[in-house]
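# Fold and geometry: a report
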Amino acid sequence: MKPIPQADHFPLIQRLTQACGGSYRPEQRRRYFITGPQWAAAYEGQAVFHAPTRPPIGFEDVIRRFAEIGIGYWCTHDTDVIPYDALFQDRQWEITGKIKESLDANGLKCSMVTTETFHHPVFAAGPAAEAPAIREYAKRRLANTVEIGHTLGAQFAVYWPGTLGYQVQGAVEETQTLQWYAEGLNHACETDIAVAARHNRPTLKHCLEAKPFEPAAEILLPTSDAMLAFISSGLLKHPDMVGLNPEYLHELMWGAAPRAALARALVCGKLFHFDINDGYRLKHDVDIGIGLINPLDWLCVLVLLRSHGYAGPFNLDYKPPRTTSQEGVFAVSFPTAVDRFITLWEMAGEVISDSVIKDATEALKAGGEPEDPSSAQSVFEAQRELLTLHELIAHRLFQILIGQHRGRTFSI
Ligand code: GLT
Ligand code: MN
Ligand code: MN
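Before going into details, it helps to say that this report is about the structure given with it. Within each chain, residue numbers correspond to sequence positions counted from 1 in written order. By the order in which they are written, chains take letters starting at A while ligands take numbers starting at 1. The predicted nature of this model means local features are confined to residues of pLDDT at least 70 and side-chain atom pairs, given and counted, to a pLDDT of 80 or more, with totals for whole chains, interfaces and linings taken over all residues. Hydrogens are left out, water is left out, and the side-chain values use all remaining heavy atoms of the structure.

### Considering the pairing of strand 1 (residues 34–37)
- For every residue, the accessible area (1.4 Å probe, protein chains only) is compared with the maximum for its type, and the residue is labelled buried under 20%, exposed over 50%, or partly exposed between those bounds. A helix here means a DSSP run of H or I that spans at least four residues, while a strand means a run of E at least two residues long, and both kinds are numbered starting from the N terminus. Alternating positions in strand 1 separate into two faces, Ile-34 and Gly-36 on one and Thr-35 and Pro-37 on the other, with burial throughout.
- Two strands qualify as a pair provided DSSP detects at least 2 bridges between them. With two bridges joining them, strand 1 and strand 10 (residues 314–315) adopt parallel strand pairing. Looking at the pairing, Thr-35 lines up with Asn-315 of strand 10.

Set out below in structure tokens:
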């Protein structure tokens, strides 16, 4: 086959993307609380084994391109946009002012800010290390991010304690470290109360995000469940201000059912924010775009969230693959991820109103009437036929996923 001339590459990608069909218009996409992280769009493809495959890109371009796609909200780490030597300086506020201008000019809102407490060597021993100076520095950073968040109009702050842990055993005392970590969060919440009052705004929703396996070898808060226990441990001064930002893949990674993890957060009233992506069980954090690996599971997740009225952000925390070009990030990766989310969300609505699933679920809930309610065998026999409906519901979900409920057929 003849090599394709360079000039034809992007037109080919555009033609095939259009041929896929099924894309939504920017104004349709903007109806959903979909948020786009600066770091996801600016991810250059680097990793422990990988050199970058894409050039750097600044917030002006990311915000502009999110706006063109119809991603209505933007979020960032402090140091995604503010270089270390500009933190706490006038320059930080100049940059923040420029971000605000970009957001306003493009009709975007800042939904969330997060503090990077894992990349710089100062956090080599984590944000709650033994040395008071490290912890004081971490507190300053958290407080600074809260101030930036209010300046940009954010509603959420996220904390990912991936370096709260250790590589070797015995040197780090876990209970003490958790106490110190709580002090950092207490400081963020207290700063927030003061700053919010000054800005005449509600306080932020502070969201903890768990990841089980990296980058620390052992992680002190590895799962959303561990974080729920931490929130209600008594160590936090404002537990009402603190909730969760579960990430779909981070729950799947340790072998959990993400939907069950989300349900546990829901019943605690702590599902504040949600990072959406995909990947594999018991592997590292591959951060693949939503729905590419587990679409059926994703459909079920969204059924749960829709039926419980979850109204928080859906944050596109995934990594465009290294094989995708810089143009491809905005022409293919982000728009298709958004569109898969919207499709799955709308399908979840179809599941909720599907008459087969409704009737089956109601029949299961009504149950059968045993002749002898005190006999296990009798109670079991009274339900035996009805329980077949579990598998029928699963089949119906599959049909909805592939469109058979709308008459899609296959000729054989
Ligand atoms: C980091 C992590 C993500 C978190 C980000 C928030 S940082 O990239 O892997 O899952 O959401 O700090
Ligand atoms: Mn991840
Ligand atoms: Mn995440």
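What follows continues from the structure just given.
### Topic: the pattern of salt bridges
- Salt bridge, as used here, is a side-chain nitrogen of Lys or Arg placed within 4 Å of a carboxyl oxygen of Asp or Glu. As enumerated under the stated definition, the model contains 18 salt bridges in all.
- Across the pair Arg-65 and Glu-327 runs a salt bridge whose closest N-O atoms are separated by 3.0 Å. Residue Arg-65 is found in helix 4 (residues 59–69), and its partner Glu-327 is found in helix 13 (residues 326–353); the two are separated by 262 residues along the sequence.
- With a relative accessible area of 34%, Glu-327 lands in the partly exposed category.
- The residue Asp-104 makes a salt bridge to Lys-100 at a minimum N-O spacing of 3.3 Å. Residue Asp-104 and its partner Lys-100 are both found in helix 6 (residues 90–106); the two are separated by four residues, about one turn of the helix.

### Quick notes on the site of ligand 1
- Within the structure, ligand 1 sits among Trp-39, His-77, Thr-114, Phe-118, Trp-160, Glu-209, Lys-211, Glu-247, His-250, Asp-275, Asp-285 and Asp-317.
- Interatomic distance of 2.7 Å between a side-chain N/O atom of His-77 and an oxygen atom of ligand 1.
- Any N or O atom pair separated by 3.5 Å or less is treated as a polar contact, with the protein-specific requirement of one donor-capable and one acceptor-capable atom, and with residues adjacent in sequence counted only for side-chain atom pairs. Interatomic distance of 2.8 Å between a side-chain N/O atom of Glu-247 and an oxygen atom of ligand 1.
- Only Asp, Glu, Lys and Arg are considered charged in this grouping, and only Ala, Val, Leu, Ile, Met, Phe, Trp, Tyr, Cys and Pro are considered nonpolar; every other residue, Gly among them, is considered polar. When the residues that make up the shell around ligand 1 are grouped by side-chain class, the tally is three nonpolar, three polar and six charged. We call a residue near a molecule or strand as soon as one heavy atom of that residue lies within 4 Å of the molecule or strand.

### Quick look at the coordination of the manganese ion (ligand 2)
- Any N, O or S atom lying within 2.8 Å of the metal counts as a donor, and for Na, K and Ca the limit rises to 3.2 Å; water is left out, so some sites can look incomplete. Every protein donor of the manganese ion (ligand 2) is accounted for by Glu-247 (OE), His-250 (NE2), Asp-285 (OD), Asp-285 (OD) and Asp-287 (OD), and the metal-donor separations fall at 2.0 to 2.4 Å.
- Look at where the donors of the manganese ion (ligand 2) fall in the sequence and you get E-x2-H-x34-D-x1-D.
- If you look at the manganese ion (ligand 2) and the manganese ion (ligand 3), they sit 4.6 Å from each other and are both ligated by Glu-247. In this pair, Glu-247 is assigned in the loop between strand 8 (242–244) and helix 10 (248–253) and Asp-285 in the loop between strand 9 (274–275) and helix 12 (295–307), connecting sequence segments 38 residues apart. Exposure class is identical for Glu-247 and Asp-285. Each is buried.

### Considering the packing of aromatic side chains
- Here a pair means two rings of Phe, Tyr or Trp (six-membered ring of Trp) with centres within 6.5 Å. Their orientation is stacked below 30 degrees between planes, edge-to-face above 60, and tilted elsewhere. If you walk through the whole model with that rule in mind, you get 17 aromatic pairs.
- Both rings, one in Phe-274 and one in Trp-298, keep their centres 5.5 Å apart while their planes meet at 35°; by these two values the pair is tilted. One end of the pair, Phe-274, is in strand 9; the other, Trp-298, is in helix 12, and 24 residues separate them in sequence.
- Geometrically, the ring pair formed by Phe-330 and Phe-334 is stacked, given 6.2 Å between the ring centres and 15° between the ring planes. With Phe-330 and Phe-334 both in helix 13 and four residues apart, the pair spans about one turn of that helix.
- For Phe-330, a relative accessible area of 4% translates into the label buried.
- The exposure class assigned to Phe-334 is buried, which follows from its relative accessible area of 0%.
- A network of ring pairs unites the aromatic residues Tyr-32, Tyr-248, Phe-274, Trp-298, Tyr-310, Phe-314, Phe-341 and Trp-345 as a single cluster.
- Geometrically, a lysine NZ or arginine CZ counts as sitting over a ring once it is within 6 Å of the ring centre and also within 35 degrees of the ring normal. Note that Arg-140 overlies the ring of Phe-88, its terminal NZ or CZ placed 4.2 Å from the centroid.

### Quick notes on the coordination of the manganese ion (ligand 3)
- Of the protein atoms, only Glu-209 (OE), Glu-247 (OE), Asp-275 (OD) and Asp-317 (OD) coordinate the manganese ion (ligand 3), at distances of 2.0 to 2.1 Å.
- Considering all six donor atoms around the manganese ion (ligand 3), angles at the metal cover 73 to 162° and the coordination shape is octahedral.
- One chain supplies every donor for the manganese ion (ligand 3), spaced along it as E-x37-E-x27-D-x41-D. Geometry is assigned from the angles between donors: four donors with all angles from 85 to 135 degrees make a tetrahedral site, four or six donors whose opposite pairs exceed 155 degrees while the rest stay between 65 and 115 make square planar or octahedral sites respectively, and everything else is labelled irregular.

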